[in-house]
Every structure is written in structure tokens, then in C-alpha cells.
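Residue-level structural notes
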Amino acid sequence: MTRYDGDMERTFAALPPAQGRGFAQTWWGQAWLKTLEDTALDSAQLKTGRRLARAGAVGAVSVRPGRLTAVVQDRDRTAHRADVLLEELSPEQWDRFLDMTAERAGHVAALLDREMPPHLVEDAAAAGVELLPGLGDLEPECDCDAWDHCGHTAALCYQVARLLDQDPFVLMLMRGRDEAALLDDLQTRGGGSAAESSGPEGVDAAEAYAAGDILPPLPDLHGLPDEPGVPPSLDTETPPAPGIDPAALEFLAARTAVQAHRLLAEALRGTSDAELTVEQDAVRLAAGDPGRDVADRLADGSGRGREGLEAAVRAWHLGGTAALAVLDEEWRVEGEALARARAALESAWDTGERPRLRARGNRWTVAGAPVQLRLGRDGRWWPYREERGRWVPAGGAAQDPATALTSAEPTAADGAAPEEAPLRQ
């Protein structure tokens, strides 16, 4: 499939690490990488290859017809020879490509400017010549004995994308013709110098317009830190201005860092929640263990009071905004939601073991016992317990009401004996 000709080999010195930039800025470099990423069966090997290439672990790259070669070092400095094979164009395909290109001065001018306009590739394909590799065209070989693309061959391909950005003639050499031979052939077919023929005509306007919206890719995202950052300390010898509470500001900065870390993690996972209300955000801040003065201010500002805020913080720790909604909202269960709730309650206990429940809205209270079940709008059950005359969350949500109720100890056994009773809404 390939041949080696020492007179047609080019060697490119090792490129510096690619920190903070994408591997392909041009559309043809991106097309090269898309072929790699669509072909490789193991995405983990692609990630390894990106990491190695980005760290500068790919040595000098040898390019010759049908083959790319480089030595790639693992993180432990173990060196591996990696090769990627690409089928050369046949003499007939080269003839069709050269005839087509010689007829279009804009294509020649673009190549001389180290550009590969989309129309050149499209016109070549129309002539039966695929310049860019397609699915499965990049054949890997590595002395690590991987049967598919490994991290070493992937790293080589990522590095070659950077070379292609700089010079599309690298692709032509892989396909079987070096720059000098290709330009000589074009001159012969065009009846004059390629440089002369390209001078006055410039680049075809349609080609320039077609390539105008090709933007470089965004840089890779930085990894999410394991923990939120630590805000600066405001403990200085300078007295604060009137009305400024340094301790409150330090707490607010610390909780803001925690919230920013959480929002970033959710955004990276694609699971961002709706924006918090002012009341919900007050509970979030209180859940960060503020000092007594700050907690009192949050209790007053939220309108919950000290005990109410403590219950809200407990709910927040158990389930965030969903648990907070169950604490605050009482709503009428109707229709299909009521039918599902009744069915769940009927089937949760064996006959004779189900406690007597009194229903009001979305809350079912065990008769004679300080425990309660609350139904969330998502169909989950939340256990509640009465403490000092106030209903407070007693555990996390469960799909099964009996499971939820066991979290709300003391159970009905501390009150009246359980007995069967119809469930009424």
C-alpha cells in the first residue's frame, strides 16, 4: 500500500508543547482530526494522545509518501515508534487532480499561499480524487502492539494537524507528491510558471467567501479544581469603614467561591439548575456554617427566624432546592398524582402493619405519633418529625413511603398502635 522514497522524505523538528491552544486552526487540519476521532474505537486513547501531544512528547516527525513516523514518549519517558499509514494516490488520480488544478488559477494561488480552499477539495472529489483522508484511512502501527489507534499514534496525528495548519503540502507529500514535483507538473500543464499564473488572478472570490466563516476552535477547558479557591483574608490592622462587617464579607466571599465551584461543575456536566431565589440563596449561605452574627442576620433577612432557618438548612443539606420546596410548600394532590400516591401508600405495608394516616394536602401525618410523610412534586416521599412544636425534615427522599417513614423515628409505635384505616384526601 505504501512505498518509501528517501528523496521525498521531509523531517519536521519536534514542536513545542501546545498549551492553551487547539491542535488545528484551519478547516483542513480540523478535518484531519475529525477523521482520527471518528475512526478510533477507544476515546481514552484519544485523550492520552492529546495529553502527550500537548505536553510536547512527540519527537521529530518524518513525512514521506504513504507514511508518518515519530518517536513518542510516555509519561514515564518510555519511547515508542509510532507510524500512521495513508494510501497514496494512483498515477491516474494524480493526473486528474493536476489537470483540474491547472485549469483553476485560484487553486494554484491558494496552494502557493499555503492554503487549501474548500473548493479545491470539492473539485478534486468531483474528479474522483479524495485529498483528505476518510473514515478508516489512517492506519496505525506502533511498537506498543496496540491493534487500533493507541495514545502514541493518536499523539502523532494531533501533532501532524499542527503541521498541516502550517503547510498543506504536507498532505500532498503523504499522498505521494512533494511540493517541487507538484508545482513542476502544474507548470507543465499550465504552459507557464505557477507563480506567474497565480499572480494577477488572485484567489477566487467564491473560495475566499466560503472560507471566511472558518474560525479556530476554542481552547480546551481547564480541569475543574478539586475544591473551591480560598478567598483573600480581610484581617488587616486598618479599621473597617462604618457599616462594613469584615467577618460577614469573608464568609460571603467563601460561600460565593463554593457556589461558583458548584455551578461550574454542574455546567461541565450539563446539569445546571435554575437560578436561586433570594430566599433560597439565604438558606444556601446559612448552610455554610456562618458565625452567630451572620446567621442571625440571615435569619432576619430571610423572614424565617432562627428556628425556621435551622429547619431550612437541614432541608438544604438533605436535598437542596427540592427539599426546601417540600419544607415550604403545601399543595393539594389531585387527579393522577393522588391516584399514584394512594397506590404507593396502600402497597407500602403489609396488611395490619400500615399506620393510620391523616391526610392534608401533600402531607400524611401518622395518627398519635410525631412523624409525617410529605409528597414532593416529583413523586418522592420525604420524612418529617415534630420537634418543639415545629415540623422539621428527618431524612432524605425515597420512592417508597414506608422506607421514608422509617427515617423519621420515633415511629408510630411511640404513639397509638397501628391499625388499618382508609386513606382519605
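Structure first, text after, so check above.
Presented here is a report on the structure given in the accompanying data block. Predicted, not measured: the structure shown is a model, and the values here were computed from it.

Now for the pairing of strand β3 (residues 67–73). Most of β3 is tucked away, with five of its seven residues classed as buried. Turn length for the strand β2 (residues 61–64)-β3 hairpin, with the two strands adjacent in sequence and antiparallel, is two residues, and the turn residue G66 shows positive phi of about 85 degrees. The pairing of β3 with strand β4 (residues 79–85) spans seven bridges and is antiparallel. What sits directly across from V72, in β4, is H80.

Looking now at a nonpolar patch on the surface. Taken together, the side chains of I244, L249 and L252 make up a nonpolar region of the molecular surface, amounting to roughly 240 Å² of accessible area. Looking at where I244 falls in the secondary structure, it is placed in the loop between α10 (205–210) and α11 (246–269). For I244, a relative accessible area of 42% gives the class partly exposed.

Of the two faces of β2, the one lined by V61 and V63 and the one lined by S62 and R64 are each fully buried. When strand β1 (residues 10–12) meets β2, the two strands line up antiparallel, connected through three bridges. Looking across to β2, one finds that F12 is bridged to V61. Direction of pairing for β2 relative to β3: antiparallel, over a ladder of three bridges. Residue pairing in the sheet places R64 in a bridge with R67 of β3.

The next point concerns the side chain of T26. Its location among the elements puts T26 in the loop between β1 and α1 (27–39). Given the relative accessible area of 15%, T26 is considered buried. For T26, the side chain forms a polar contact with the main-chain nitrogen of G29, separated by 3.1 Å. Polar contacts involving the side chain of T26 include one to the side chain of D165, which spans 2.4 Å.

Attention shifts here to the packing of α1 against helix α6 (residues 151–166). Packing of α1 against α6 leaves a shortest axis separation of 8 Å and a crossing angle of 165 degrees. When the interaxial angle is binned, α1 and α6 end up roughly antiparallel. Our pair here, α1 against α6, has a crossing hand that is right-handed. Contacts between α1 and α6 involve W28, G29, W32, L33, L36 and E37 from the first element and A154, C157, Y158, V160, A161, L164 and D165 from the second. A per-class count over the contact of α1 with α6 returns 10 nonpolar, one polar and two charged.

With that settled, consider unusual backbone geometry. Phi at R77 takes a positive value of approximately 75 degrees, unusual for a residue other than glycine. For R77, a relative accessible area of 64% gives the class exposed. One non-glycine residue, R388, lies in positive phi territory at about 50 degrees. Turning to its location among the elements, R388 is positioned in the loop between β9 (381–387) and β10 (390–393).

All told, the structure shown has 25 salt bridges when counted by the stated rule. With a closest N to O distance of 3.4 Å, R377 and E329 form a salt bridge. Taken together, the residues R377 in the loop between β8 (371–375) and β9 and E329 in the loop between α14 (305–328) and α15 (335–348) connect sequence positions 48 residues apart. According to the relative accessible area criterion, E329 is partly exposed, its value standing at 35%. Among the charged side chains, a network of salt bridges with common partners joins R10, R114, D167 and E179.

Okay, the environment of E279 next. Structurally, E279 can be placed in helix α12 (residues 278–286). Under the relative-accessibility criterion, E279 is labelled partly exposed at 45%. Along the sequence, E279 and R304 sit 25 residues apart, while their C-alpha atoms lie 9.3 Å from each other.

A few words now on the packing of aromatic side chains. Within this structure, the stated rule accounts for three aromatic pairs. Seen in terms of ring centroids, W27 and W28 are 6.2 Å apart; in terms of plane orientation they differ by 90 degrees. Their pairing is edge-to-face. For the pair formed by W27 and W28, the shared burial category is buried. Measuring from ring centre to ring centre gives 5.8 Å for W94 and F97, while their planes differ by 80 degrees; the resulting arrangement is edge-to-face. Of this pair, W94 and F97 both sit in helix α3 (residues 91–102), three residues apart, which is roughly one turn of the helix. On the basis of relative accessible area, W94 is assigned to the buried category, the value being 2%. For the cation-ring pair, R374 lies above Y384, with the distance from its terminal atom to the ring centre recorded as 4.0 Å.

Position of R175 relative to the elements: it lies in helix α7 (residues 169–175). Buried charged residue R175 carries no salt bridge. Nearest counter-charge: D137, at 4.4 Å. Excluding anything up to four places from it in sequence, R175 contacts L86, E87, E88, L89, W94, E130, L131, L132, P133 and D137.

Rules used throughout
- Residues numbered from 1 in each chain as written.
- Predicted model: local features only at pLDDT ≥ 70, side-chain atom pairs only at ≥ 80, totals over all residues.
- Heavy atoms only, no water.
- Buried < 20%, exposed > 50% of the residue type's maximum accessible area, 1.4 Å probe, protein only.
- Helix = DSSP H or I, 4+ residues; strand = E, 2+ residues; numbered from the N terminus.
- Pairing = 2+ DSSP bridges.
- Patch = residues over 30% accessible without salt bridge, like charges linked within 9 Å, V, L, I, M, F, W, Y side chains within 5 Å.
- Areas by Shrake-Rupley, 256 points an atom, 1.4 Å probe, with all protein chains shown as cover.
- Salt bridge = Lys/Arg side-chain N within 4 Å of Asp/Glu carboxyl O.
- Polar contact = N/O pair within 3.5 Å; in protein donor to acceptor, adjacent residues only side chain to side chain.
- Axes fitted to C-alpha atoms, helices over the stretch in contact; angles between N-to-C directions.
- Parallel < 35°, antiparallel > 145°, perpendicular 65-115°, else oblique.
- Left-handed = near helix turned anticlockwise from the far one by under 90°.
- Contact = heavy atoms within 4.5 Å.
- Nonpolar A, V, L, I, M, F, W, Y, C, P; charged D, E, K, R; others polar.
- Phe/Tyr/Trp six-rings, centres within 6.5 Å; stacked < 30°, edge-to-face > 60°.
- Lys NZ or Arg CZ within 6 Å of the ring centre and 35° of its normal.
- Lys, Arg positive; Asp, Glu negative; His and termini not counted.

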